[in-house]
Amino acid sequence: MKQMILKPGREKSLLRRHPWVFSGAVARVDGNPETGDTVAVRAADGRFLAWAAYSPVSQIRARVWSWDETDRIDGEFLRLRLGRAFDAREGLISSVAGSAMRLVHGESDGLPGVIADRYGEVVVLQLLSAGAERWRTELAEAVRELTGCTCVFERSDADVRELEGLPAKSGVLHGALPAEGVQIREHGLLYGVDVAGGHKTGFYLDQRDNRRRVGELAREREVLNCFCYTGGFTLNALAGGAKSVLSVDSSAGALARAQDNVARNDLDAARAEWQEADVFKYLRTLRDQGRSFDLVVLDPPKFAPTAAFAEKASRGYKDINLLAFKLLRPGGLLASFSCSGGIPAELFQKILAGAALDAGVDASIVGHFAASADHPVLLSFPEGDYLKGLLIRRT
Ligand code: SAH
């Protein structure tokens, strides 16, 4: 019998339905399970707690598939879970949101380590844990069948795979990518998505509704969009009637795609200015040039993947937000985001308060941002609540 026995008292988090077993909680593993195998997780007294995927090299030694002892973890079980995740999105995301959606959001959909993003006829699958990898073939087949998509493309090349002892993998699992490239529509705007080479699975779907909100606020404003990637906030600001949008990113490839996306939508390219630069340095340049803006967007990459990086990340957030406050005209808006799981919302708010203080400006929170509805957060898994943002108005 493949099973994992916990140390006395270490069953508490599982009883609260938190889906991870950390290595320090494990007393013993029986039956020589291989990486990704299903084990029965038991309390010290032998009580059944959960079925979980075993990951011998990861600090997260097991991830829970099911709390029900009568379940059998196999292809059919995973298919039902996928179906449940797809159903959960029905009616939550309006059809005007567009043709791209996160179909599976890992732990929050009861599928630890499994991400599936739909871009029209293409579904990008990202398998991030030993358990997800173990069921790769079954998951890909079920995704194909349940969605009827023409292509399943794997992007299992995120850094976290290393923590699970898994090599990076990327490529077609089913069908073929459309020769003309992948295009999606989001809140009325078209984007080309590089599913094979772009960040994550190609696009930041979590910011869908926040991009639109920022677009609505952009009318007649001079906008600075930092960390613009393929131009999500830029396109929305232009469509929303911004006077001008200066977009900054360190990736030349992302900037090229962003400009292509502006052209795709017949937006006025003359109102768009592009800068390939390190935002940390370029904000100082703008300050030294005496530039100022009516709306600043800061959507940096993850500075703190876990709480261990929180201190260094806090300094990074404070730095860019302080500079952004200095560039903001009175009455101007700052839309500031953090997608760091290691930075909780309260800490993020404190960092911004410190940044405003040191910049010498008075400012108020006038809105909150979170991920779109296709990125649910399981109540028993607060780690799923990684994206937070504040809309701040300089007095
Ligand atoms: N707002 C975007 C997503 C931003 S992703 C959207 O809505 O789609 C973060 C971006 O930051 C990436 O494009 C990455 O190339 C860029 N980036 C990372 N570090 C940077 C730095 N120091 N300076 C400038 N850009 C950076």
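Attention here is on the structure that accompanies the text.

Rules of the game
- Residues numbered from 1 in each chain as written.
- Predicted model: local features only at pLDDT ≥ 70, side-chain atom pairs only at ≥ 80, totals over all residues.
- Heavy atoms only, no water.
- Helix = DSSP H or I, 4+ residues; strand = E, 2+ residues; numbered from the N terminus.
- Rg over C-alpha atoms; globule rule 2.2 N^0.38 Å.
- Buried < 20%, exposed > 50% of the residue type's maximum accessible area, 1.4 Å probe, protein only.
- Contact = heavy atoms within 4.5 Å.
- Areas by Shrake-Rupley, 256 points an atom, 1.4 Å probe, with all protein chains shown as cover.
- Lys, Arg positive; Asp, Glu negative; His and termini not counted.
- Charge placed at Lys NZ, Arg CZ, Asp CG, Glu CD.
- Pairing = 2+ DSSP bridges.
- Axes fitted to C-alpha atoms, helices over the stretch in contact; angles between N-to-C directions.
- Near = heavy atom within 4 Å.
- Polar contact = N/O pair within 3.5 Å; in protein donor to acceptor, adjacent residues only side chain to side chain.
- Nonpolar A, V, L, I, M, F, W, Y, C, P; charged D, E, K, R; others polar.
- Salt bridge = Lys/Arg side-chain N within 4 Å of Asp/Glu carboxyl O.
- 1 Å grid on protein atoms, 1.4 Å probe; cavity = no way out; pocket = protein on both sides within 12 Å on 5 of 7 lines; lining within 4 Å.
- Points joined across faces, edges and corners; volume = space filled by probe spheres on them.
- Domains from an automatic or database assignment.
- Expected span 1.5 Å × (residues − 1).
- Arc of directions from axis to C-beta.
- Phe/Tyr/Trp six-rings, centres within 6.5 Å; stacked < 30°, edge-to-face > 60°.
- Lys NZ or Arg CZ within 6 Å of the ring centre and 35° of its normal.

Some details on the overall build of the chain
In terms of helices and strands, the chain carries 11 helices and 20 strands. Relative to the globule expectation of 21 Å for 395 residues, the C-alpha radius of gyration of the chain, 22 Å, shows essentially globular dimensions. Dimensions of the chain along its principal axes, counting C-alpha atoms only, are 70 × 50 × 35 Å. In the chain, which comprises 395 residues, the proportion classed as buried is 53%. Of the contacts formed within the chain by residues at least 6 apart in sequence, a portion of 64% connects residues at least 24 apart. In the form shown here, the chain has an accessible surface area of approximately 17000 Å², with 50% of it arising from carbon and sulfur atoms. If you average the places of the 50 positive and of the 51 negative side-chain charges in the chain, the two averages end up 4 Å apart.

A closer look at the sheet that holds strand S19 (residues 363-370)
Ordered by their spatial adjacency, 7 strands build an open sheet running S16-S15-S14-S17-S18-S20-S19, and the pairing between neighbours is mixed. Each edge of the open sheet is held by one strand with a lone partner, namely strand S16 (272-276) and S19. Between one strand and the next, the sheet's axes are offset by a mean angle of 15°, whatever the strand orientation. Two strands pair when backbone bridges link them, and strand S17 (residues 293-298) and strand S18 (residues 328-338) are joined in this way by 5 bridges, in the parallel orientation. Within S18, the residue paired with Leu295 across the bridge is Leu333. With respect to the sheet, helix H10 (residues 310-327) is in contact with strand S14 (222-226), S17, S18, S19 and strand S20 (388-394), its orientation differing from that of S18 by roughly 155°.

Things to note about the site of the ligand
Of all residues adjacent to the ligand, which total 16 residues, the nearest are Arg211, Asp249, Asp278, Val279 and Asp299. Taking Val279, its main chain carries an N or O atom lying 2.9 Å from a nitrogen atom of the ligand. Residue Asp299 places a side-chain N or O atom 2.6 Å away from a nitrogen atom belonging to the ligand. When isolated, the ligand has an accessible area of 580 Å², and the protein chains bury 90% of it. In terms of residue class, the shell around the ligand is built from 9 nonpolar, 3 polar and 4 charged.

Comments concerning the side chain of Ser340
Turning to its location among the elements, Ser340 is positioned in the loop between S18 and helix H11 (345-359). For Ser340, a relative accessible area of 0% translates into the label buried. At 2.9 Å, the side chain of Ser340 forms a polar contact with the backbone nitrogen of Ala304.

Details of the environment of Thr395
Structurally, Thr395 can be placed in the segment after S20. Spatially, the C-alpha atom of Thr395 lies 9.5 Å from that of Leu333, the residues being 62 residues apart in sequence. Not counting the four nearest positions on each side in its chain, Thr395 is found in contact with Pro330, Gly331, Asp362, Ala363 and Ser364.

Some thoughts on the pattern of salt bridges
As enumerated under the stated definition, the model contains 28 salt bridges in all. One salt bridge in this structure joins Glu107 and Arg63, with 2.8 Å as the shortest N-O distance. One end of the pair, Glu107, is in the loop between strand S7 (100-105) and strand S8 (114-119); the other, Arg63, is in strand S6 (residues 60-66), with 44 residues separating them in the sequence. Taking the relative accessible area as the measure of exposure, Glu107 reaches 10% and is therefore buried. Classification of Arg63 as buried rests on a relative accessible area of 13%.

Focus: empty space enclosed by the protein
Here the structure, examined in full by the defined rule, presents 1 cavity of 30 Å³ or more. Counted as a void, the largest cavity has a volume near 30 Å³. Lining the largest cavity we find Ala53, Tyr54, Ser55, Ile60, Ala62, Arg63, Ser129, Ala130, Gly131 and Glu164. The set of elements that each furnish at least two residues to the lining of the largest cavity consists of strand S5 (48-54), S6 and helix H3 (130-134). Counting residues per element, the lining of the largest cavity draws most heavily on S6, which supplies 3 residues. For the lining of the largest cavity, the per-class residue count stands at 5 nonpolar, 3 polar and 2 charged. The residues that make up the lining of the largest cavity include at least three from each of domain 1 (3-66) and domain 2 (75-182).

Points about helix H4 (residues 136-147)
End to end, H4 covers 16 Å across 12 residues, agreeing with the expected 16 Å (1.5 Å per residue, within 8%). Looking at H4, one finds that the buried residues are Leu139, Ala140, Ala142, Val143 and Thr147. Looking down the long axis of H4, one finds its buried residues gathered within 165° of arc, a one-sided arrangement. Gly148 sits one or two residues past H4 and shows a positive phi near 70°.

Examining the side chain of Asn236
Among the structural elements, Asn236 can be located in helix H7 (residues 232-239). At 2.8 Å, the side chain of Asn236 and the backbone oxygen of Gly232 are in polar contact. The contacts of Asn236, once residues within four sequence positions are left out, are Leu189, Tyr191, Arg211, Arg212 and Gly215.

Considerations on the packing of aromatic side chains
The final tally for this structure, using the stated rule, is 10 aromatic pairs. With centroids separated by 5.5 Å and ring planes inclined at 35°, the aromatic side chains of Phe233 and Phe337 adopt a geometry described as tilted. Separated by 104 residues along the polypeptide, Phe233 in helix H7 and Phe337 in strand S18 bring together distant segments of the chain. Taken as a pair, Phe233 and Phe337 share a single burial class, namely buried. These aromatic residues form a ring-pair network of at least three members: Phe280, Phe303, Tyr317 and Phe348. It is Arg134 that lies over the ring of Trp135; its NZ or CZ is 4.1 Å from the centre.

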